[in-house]
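One letter stands for each residue in the lines below.
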Amino acid sequence: MLEVQTLSKAYGRKQILNDLSFTVHPGEVIGLVGENGAGKSTLLQILATLSQPSAGEIMLYDQSYRTDVKIIRRQIGFVPQDIALWEDFSVKENMRFFEKLSWNHKNTEQLRQLCQDMKLNKWNETVKQLSGGMKRKLNIAVSLIHDPDLLILDEPTAGIDLKSRKDIASYLAGLAKTQEKMILYTSHDLDQITQTCDRIYCMGDDPFYYQVLQAYGEQPVLL
Ligand SMILES: Nc1ncnc2c1ncn2[C@@H]1O[C@H](COP(=O)(O)OP(=O)(O)OP(=O)(O)O)[C@@H](O)[C@H]1O
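Residues numbered from 1 in each chain as written. Predicted model: local features only at pLDDT ≥ 70, side-chain atom pairs only at ≥ 80, totals over all residues. Heavy atoms only, no water.

**Some details on the sheet that holds strand E4 (residues 55–60)**
- If you trace the 4 strands from one edge of the open sheet to the other, you get E2-E1-E4-E5, paired in antiparallel fashion. The sheet terminates laterally at strand E2 (14–24) and strand E5 (63–64), the two strands that pair on one side only.
- Relative to E4, strand E1 (residues 2–11) runs antiparallel, the two being bridged by 5 bridges. Following the sheet pairing, glutamate 3 is matched in E4 by methionine 59. (Pairing = 2+ DSSP bridges. Helix = DSSP H or I, 4+ residues; strand = E, 2+ residues; numbered from the N terminus.)

**Points about the state of the cysteines**
- Within the structure shown, the criterion is met by 0 disulfides.
- With no disulfide of its own, cysteine 202 has cysteine 197 as its nearest cysteine by sulfur position, at a separation of 11 Å. (Disulfide = S-S within 2.5 Å.)

**Observations regarding the site of the ligand**
- The full set close to the ligand counts 14 residues, and Gly37, Gly39, Lys40, Ser41 and Thr42 are the nearest of them.
- Between alanine 38 and the ligand, the recorded distance is 3.1 Å, taken from a backbone N or O atom to an oxygen atom.
- Take histidine 188: an N or O atom from its side chain is 3.3 Å from an oxygen atom of the ligand.
- Calculation on the ligand without its partners gives an accessible area of 640 Å², and the protein chains cover 61% of this total.
- The greatest single-element share of the shell around the ligand, amounting to 3 residues, is contributed by helix H1 (residues 40–47). (Near = heavy atom within 4 Å. Polar contact = N/O pair within 3.5 Å; in protein donor to acceptor, adjacent residues only side chain to side chain. Areas by Shrake-Rupley, 256 points an atom, 1.4 Å probe, with all protein chains shown as cover.)

**Remarks on helix H4 (residues 108–117)**
- Here H4 has its buried residues at Leu111, Leu114 and Cys115. Taken down its axis, H4 places every buried residue within 95° of arc, on the same side.
- Looking at the packing, one finds that the buried side of H4 touches helix H3 (91–101), helix H5 (132–143) and helix H6 (162–179).
- Taken from the residues just after H4, lysine 119 is the one with a positive phi, measuring 60°. (Buried < 20%, exposed > 50% of the residue type's maximum accessible area, 1.4 Å probe, protein only. Arc of directions from axis to C-beta. Contact = heavy atoms within 4.5 Å.)

**Side note on the environment of arginine 136**
- Examined against the element boundaries, arginine 136 turns out to sit in helix H5.
- A sequence separation of 65 residues divides arginine 136 from isoleucine 71, and the C-alpha atoms of the two residues are 26 Å apart.
- Leaving out residues up to four positions away in the same chain, arginine 136 has contacts with Pro80, Gln81, Ile83, Glu155, Pro156, Thr157, Ala158 and Ile160.
- At a separation of 3.2 Å, a polar atom in the side chain of arginine 136 contacts the main-chain carbonyl oxygen of alanine 158.

**A word on the confidence of the model for the chain**
- Across the chain, the average pLDDT comes to 94, with 100% of residues at or above 70.
- In the model of the chain, H6 stands out as the element of lowest mean pLDDT, 91, in contrast to E4, which has the highest, 98. (pLDDT = per-residue confidence, 0-100.)

**Remarks on the pairing of strand E9 (residues 199–203)**
- Most of E9 is tucked away: 4 of the 5 residues are buried.
- Across 5 bridges, the pairing between strand E3 (residues 29–34) and E9 is parallel. Across the sheet, the residue bridging to leucine 32 is tyrosine 201, located in E9.
- Relative to strand E10 (residues 221–222), E9 runs parallel, the two sharing 2 bridges. The partner of cysteine 202 across the bridge, within E10, is leucine 222.
- Taken together, E9, helix H8 (residues 208–215) and E10 form a β-α-β motif whose crossover is right-handed. (Right-handed = clockwise from strand over helix to strand, strands pointing away.)

**Considering the packing of aromatic side chains**
- Under the criterion given, the structure shown has 6 aromatic pairs.
- Plain terms: the ring middles of phenylalanine 22 and tyrosine 201 are 5.1 Å apart, the flat faces sit at 50° to each other, and that makes the pair tilted. Residue phenylalanine 22 is found in strand E2, and its partner tyrosine 201 is found in strand E9; the two are separated by 179 residues along the sequence.
- Tyrosine 201 sits in the buried class, given a relative accessible area of 2%.
- Each ring, one from tryptophan 86 and one from phenylalanine 97, has its centre 5.5 Å from the other, and the planes form 75°; the classification is edge-to-face. A residue pair is termed long-range when its members are at least 10 positions apart, and tryptophan 86 in the loop between strand E6 (76–79) and H3 and phenylalanine 97 in helix H3 qualify at 11 residues.
- Members of the aromatic cluster, each reached through a chain of ring pairs, are Trp86, Phe89, Phe97 and Phe98. (Phe/Tyr/Trp six-rings, centres within 6.5 Å; stacked < 30°, edge-to-face > 60°.)

Spelled out as structure tokens, the structure:
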């Protein structure tokens, strides 16, 4: 379980996150929504251990983000907003490269299976030959090589076609349910968020997202 308690983050005098508390349970897909600048990426970066909070506690199972960062990093997969792949390498070469950096090893067939599970069947094509949606699928596949318990994704479906969005969303939901993963992701696509997520957290001062989600029949949680 991921437990966030009274988390705050300020950049200089600018308060971005203020006293956030929430939990994510194994098997849950959590959607994080809010206007531009609400602090979603800031929160995800802290949860991915890439940024420090100004105050508060975070626990992943019984490990503390303050004292057990090395262990926690092994249990986290992070997919940033920007694609982070080697453009001149093939899909296979990217998977093998990142597998070498991973603490948990997989053979080539297992790596290929990960891509196929994501409906990415371009094993020998270079990344620069792939479409934006395919690159995003590969980015997600890379983040899963070390079999993380907690998967954090910053707008994994931004700018990609409806079919690929559905592929990714149903893959993430299946992963949470079959392997008890905790998945936390941001998106501005409320149709997809409401269809995919077990719970939705709303960030920011603007009540717009909260109200629209209520109109969808959801009961979002205000952070
Ligand atoms: N390194 C930084 N230094 C100072 N301010 C920052 C820094 N990173 C982010 N911010 C500010 O923090 C606020 C929250 O940004 P963040 O990227 O977390 O929002 P977001 O909800 O993810 O937005 P979007 O939907 O546009 O991706 C913004 O006002 C941004 O300018």
